[in-house]
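# Commentary on secondary and tertiary structure
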Amino acid sequence: MTLGDMKSEVLRLIEEINEENEGLTDDPDFKNKINNVIDFIQHELARIKKIPAIETREVKEGDTINLNELENFYQLKCVKGVRYTSFGTTLDILDDGTIKIYYYKYPKKINEKSKDNTELELTDDALGIMPYGVAADLLKSDVSNHYGQIYANRYTELKQSLDPRYNTGGFYIDGGTKI
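Presented here is a report on the structure given in the accompanying data block. The structure presented is a predicted model; accordingly, all values stated were derived computationally and were not measured. (Residues numbered from 1 in each chain as written. Predicted model: local features only at pLDDT ≥ 70, side-chain atom pairs only at ≥ 80, totals over all residues. Heavy atoms only, no water.)

Let's shift gears to the pairing of strand β5 (residues 90–93). Burial of the side chains of β5 is restricted to one face: L91 and I93 are buried, whereas none of T90 and D92 on the reverse face is. Across 3 bridges, strand β2 (residues 64–66) lies against β5 in antiparallel orientation. Its bridge partner being in β5, T64 is matched across the sheet by D92. (Buried < 20%, exposed > 50% of the residue type's maximum accessible area, 1.4 Å probe, protein only. Helix = DSSP H or I, 4+ residues; strand = E, 2+ residues; numbered from the N terminus. Pairing = 2+ DSSP bridges.)

Rendered as structure tokens:
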């Protein structure tokens, strides 16, 4: 899904869509805020349904890797390939060889300059609930109705059902086992 698709979905949900307008809405407040709100909500969802990433490097004994220098680093999962010690977000390499760093990352930053064809990096299940979070945030200051609260409640409900796991497959043991 692209940024433009998400904007269209949100504006359709809150009944503020105007497809003839380049910004998809006639409301200048929504037009000015929507990209930043989408960025905030995508980062929130990425902390629940994490975005996996892998970095492979050739290293030498004595090298140091600052994990914060990895693309949009959020959280370390594991490191394979060489011996190392870690402290905070620093890896001190103890062997020569190839290191594979498995980590979770934040999505690419969305701001007012982001193009509508920017691909959103979240999984489909997270993207499916994202419009409710964006709608809630866009409408939270609208005191004339309670739509912001309605969307916020729905978003909270859907976030709680979001499964943070990825399907990693399974296995079958034919004939049982002896323990």
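We now examine the packing of helix α2 (residues 28–46) against helix α3 (residues 124–139). Across the interface, α2 lies against α3 with an axial gap of 9 Å and an inter-helix angle of 130 degrees. By the angle between their axes, α2 is oblique relative to α3. As α2 runs across α3, the sense of the crossing is right-handed. Residues F30, K33, I34, V37, I38, F40, I41, Q42 and L45 of α2 touch α3, and the partners they reach there are A126, I129, M130, G133, V134, D137, L138 and L139. Looking at the contact of α2 with α3, its residues break down into 13 nonpolar, 2 polar and 2 charged. (Axes fitted to C-alpha atoms, helices over the stretch in contact; angles between N-to-C directions. Parallel < 35°, antiparallel > 145°, perpendicular 65-115°, else oblique. Left-handed = near helix turned anticlockwise from the far one by under 90°. Contact = heavy atoms within 4.5 Å. Nonpolar A, V, L, I, M, F, W, Y, C, P; charged D, E, K, R; others polar.)

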